[in-house]
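Single-letter residue listing:
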Amino acid sequence: MLRRSRVSGSPGFAAVLSGLLPGLGQMYHGRWVRGILMILVPIFVVLLSGAFIAIADPLTSLVLRNAPAFTFLVAGAFFTYHLFTVADAFAGKLRDVGSLGGRRLVDYALLGVVCLSLVGFYATAYRGSAPWAGFFAKVFAPLAQQPLTGPGSGQESAPAAWTGQERLNVLLLGIDSRAGDPTTQNTDTMIVLSLDPMNRTAAMLSLPRDIYINRPGVLVDKINAAYALGGPDLARKVVEDLLGIRINSYALVDFDAFTKIVNTVGGVVVDVKRPLRDEYYPTADYGVERIDIAAGPQVMDGDVALRYARSRHDSNDYSRAARQQQVIGALRIKLTENDMLRGLPGILDHVGSAVQTNFDPANVIPLARFGSGIPGDSIRSDVLYPCGGDYPHCELTYSGGENGFFLLPDAAKVREFAATIFYDPQVKAEGASIEIRNSGGRAGMAQSVADRLAERAFSVSIVTNGSSARSAVLVRNGAKRYTANALASQLGGLPVDALPSGEQTSADIVVRVGSDFRGLATDLAR
C-alpha cells in the first residue's frame, strides 16, 4: 500500500502565497530553507547576470543587439520559475504524484486561478517591456555595434564614465542628413547639455557651427564638419579640447527624427519673442522657401518647430542658438506632462534609428526622472559669442576672406567661460568658506582671484592682506579637503597644506596669493 503523506494547511492557499511571491507557500508549509532559497535564487541570478552584462562589453553589445529576443527569454524564464514554485508549494511535502489526489476541489480551483493569473501577469509584463526593449536596441545601437563606425571614423575610444556625482555632460548633435546624399552630414546644431545631479541644476551651451578648429592631426576645418569627417567620436574629442571639459556621452538626432518626435508629443508651446521671416529657408530638395512665424506664444508642430530652430537668414547663428535651446526646453516640458516619459518607447518607435546615443542604458530612466524634475529657472542657457558686437561676453573673433567665413576661438577665453558654466557640483554642494589672502601678490590680484573663483561656484567669504609668503592652499577644516584639492587644481597646481597653528581665520580654507602666483589654470593655457 502506498502511504500518503499529510500536508499541513491548505495546498491551494500555499499556491496563492507563492503566486504572490515565490517561496512564501513553502514557508507556509514549514519548509523555511526551501522558501528562502526560492526567494533569493532569482535575486542572485538577476544581480549576477546584470553585473556580467554591464561589465563585459561583448555581452552588453549582444544584449542590446538582441534586446527584444532577450526580453522574451527573460520573461519566459521568470514565468517558468514562478510556475514551478507555485506547483511545488501546492504539492507541499508530498513525494509522489499519486498522492495529489487527496486535494479538495477548491484547492485545484485556487491553483488554476493562480496559474491563469501568472500567464496574464507575465504576458502583460512582456507587452509593456517589449517597446522598451525596442527603444534600447534602436537608441543604443552605437553601443551594440562595437567598434562604432561612422562616416570616416575609426574605432571610438570609450567616453568618460559618469559616477552619478559629478556633472554629466552630453553633446547634442543635430544632423543635416538627407536621403541618398552622404555629403550632408554636417552638424547644424551642436549643444553641450550639462546636468548637475547634486544641486539639481542644468546648463546648455551652444557652439556656433562656424568655429574654426586648427588642430593638425585632429581637425583643421569648421567645427560642424567634425561629425562628417570622423563621426561622433571626433566631434566629442574636438568639443572636449575646445571647452577643456570631458564629454560623457553624445546624443545624435537628425531633422526628420526631431520633426517626428515633436509631432508625436502633440507639438510644443513656444513663446516667439519677435517675428521671424526667412525668404531663403533651405528645403530637403536643395531649394528654398519662405517662412513667416508671428510673435507670441503658440503651439508648433514638428515642421514649424524645426524651421523656427534652424532659420538663420533673418538673424544670425547666435539668436538661432537661443531659439534652438528654447525649443529643446519646450520639448522637455512637454515630455514631463501627463507622465509622457512612460510613452517614450512609443515615441521612438515612430522615429526609428534616427536617434542614437552611447550613454549607459542603466542610467537612462533615473536620468530622465532627474532631468524632468529640474525647475525651468535652474537651467542656464548660453552661447559662445564673437567680440565686436553687443553681446554679454565674447570668446570668438571674426575672420573671413576668399576661403570663407570663420570664427576663431580664443582658447583661454573659451575655457574660462566654460569653467563658469560647467563648475564642479561637489564643490558647490560642500559649500566650504574660503578666504583669499594677498601674501605679496600685486595689488588687486587677490580680489581678481576671488571674483573668478566665485564664478566657478567656490564660496569666497573674504579677501584679506597678510605677510609675504609663497602661494598655497591651506586647510583649516579637514572635512572640506575635496574643495581644497579642487582649488589647487583651478589655481595651477598650488600645494595643499594644513593651516599653520599660528594663522587665524574663520574660513574653512585659506588661499595665499604670493608673488610667485602665476594665475589660474586657464591663464596658463594662453
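Note that this is a predicted model, so its numbers are computed, not measured.

Engineer: How do you make sense of the pattern of salt bridges when you look at a structure like this?
Structural biologist: Should the charged atoms of two oppositely charged side chains come close, the side chains can pair. In total, this model carries 26 salt bridges according to the counting rule given. For Arg437, the salt bridge identified is with Glu435, shortest N-O distance 3.0 Å. Overall, the relative accessible area of 10% leaves Arg437 in the buried class. Owing to a relative accessible area of 5%, Glu435 belongs among the buried residues under this scheme. Close ionic contact of Glu503 with Arg437 constitutes a salt bridge, the shortest N to O distance being 2.5 Å. Highlighted residues: Glu503 in the loop between strand E18 (496-498) and strand E19 (509-514) and Arg437 in strand E15 (residues 433-439), separated in sequence by 66 residues. Salt bridges sharing common partners tie together Asp188, Arg209, Arg310 and Arg320.

Engineer: Help me out: how do you make sense of a nonpolar patch on the surface in this one?
Structural biologist: Together, Val33, Leu37, Val41, Phe44, Val45 and Leu48 make up a nonpolar patch on the protein surface, roughly 560 Å² of accessible area in all. Here Val33 shows up in helix H3 (residues 32-55). On the accessibility criterion, Val33 (62% relative accessible area) is exposed.

Engineer: Where do I start with the sheet that holds strand E3 (residues 201-206) in this structure?
Structural biologist: Taken in spatial order, the 6 strands line up as E11-E6-E1-E2-E3-E12 in an open sheet, and their pairing is mixed. With partners counted over all chains shown, the strands left at the sheet margins are strand E11 (355-357) and strand E12 (379-383), one partner each. Within this sheet the neighbouring strands show an average axis-to-axis angle of 15°, counted without direction. Both strand E1 (residues 168-175) and strand E6 (residues 249-254) contribute to a ladder of 6 bridges, which runs parallel. Counterpart to Ile175 in the pairing with E6 is Asp254.

Engineer: Would you take a moment to explain the pairing of E3 for this structure?
Structural biologist: Every other side chain in a regular strand lies on the same face of the sheet, so the side chains alternate between the two faces. Burial analysis of E3 places 6 of its 6 residues in the buried class, the great majority of the element. Alternating positions in E3 separate into two faces, Thr201, Ala203 and Leu205 on one and Ala202, Met204 and Ser206 on the other, with burial throughout. Here strand E2 (residues 187-196) pairs with E3 via 6 bridges, running antiparallel. Note that in E3 the partner of Val192 across the bridge is Leu205. Taking the residues that link successive antiparallel strands as the turn, the E2-E3 hairpin has 4 residues, and the phi of Arg200 there is positive, at about 55°.

Engineer: Teacher, can you tell me more about the pairing of strand E5 (residues 219-222) here?
Structural biologist: Bridge count between strand E4 (residues 212-215) and E5: 4 bridges; the pairing is antiparallel. When the bridges of E5 are listed, Ile213 appears paired with Asp221. Following E4, the chain reverses through 3 residues before pairing antiparallel with E5; Gly217 in that reversal takes a positive phi of roughly 90°.

Cut-offs and rules
Residues numbered from 1 in each chain as written. Predicted model: local features only at pLDDT ≥ 70, side-chain atom pairs only at ≥ 80, totals over all residues. Heavy atoms only, no water. Salt bridge = Lys/Arg side-chain N within 4 Å of Asp/Glu carboxyl O. Buried < 20%, exposed > 50% of the residue type's maximum accessible area, 1.4 Å probe, protein only. Helix = DSSP H or I, 4+ residues; strand = E, 2+ residues; numbered from the N terminus. Patch = residues over 30% accessible without salt bridge, like charges linked within 9 Å, V, L, I, M, F, W, Y side chains within 5 Å. Areas by Shrake-Rupley, 256 points an atom, 1.4 Å probe, with all protein chains shown as cover. Pairing = 2+ DSSP bridges. Axes fitted to C-alpha atoms, helices over the stretch in contact; angles between N-to-C directions.

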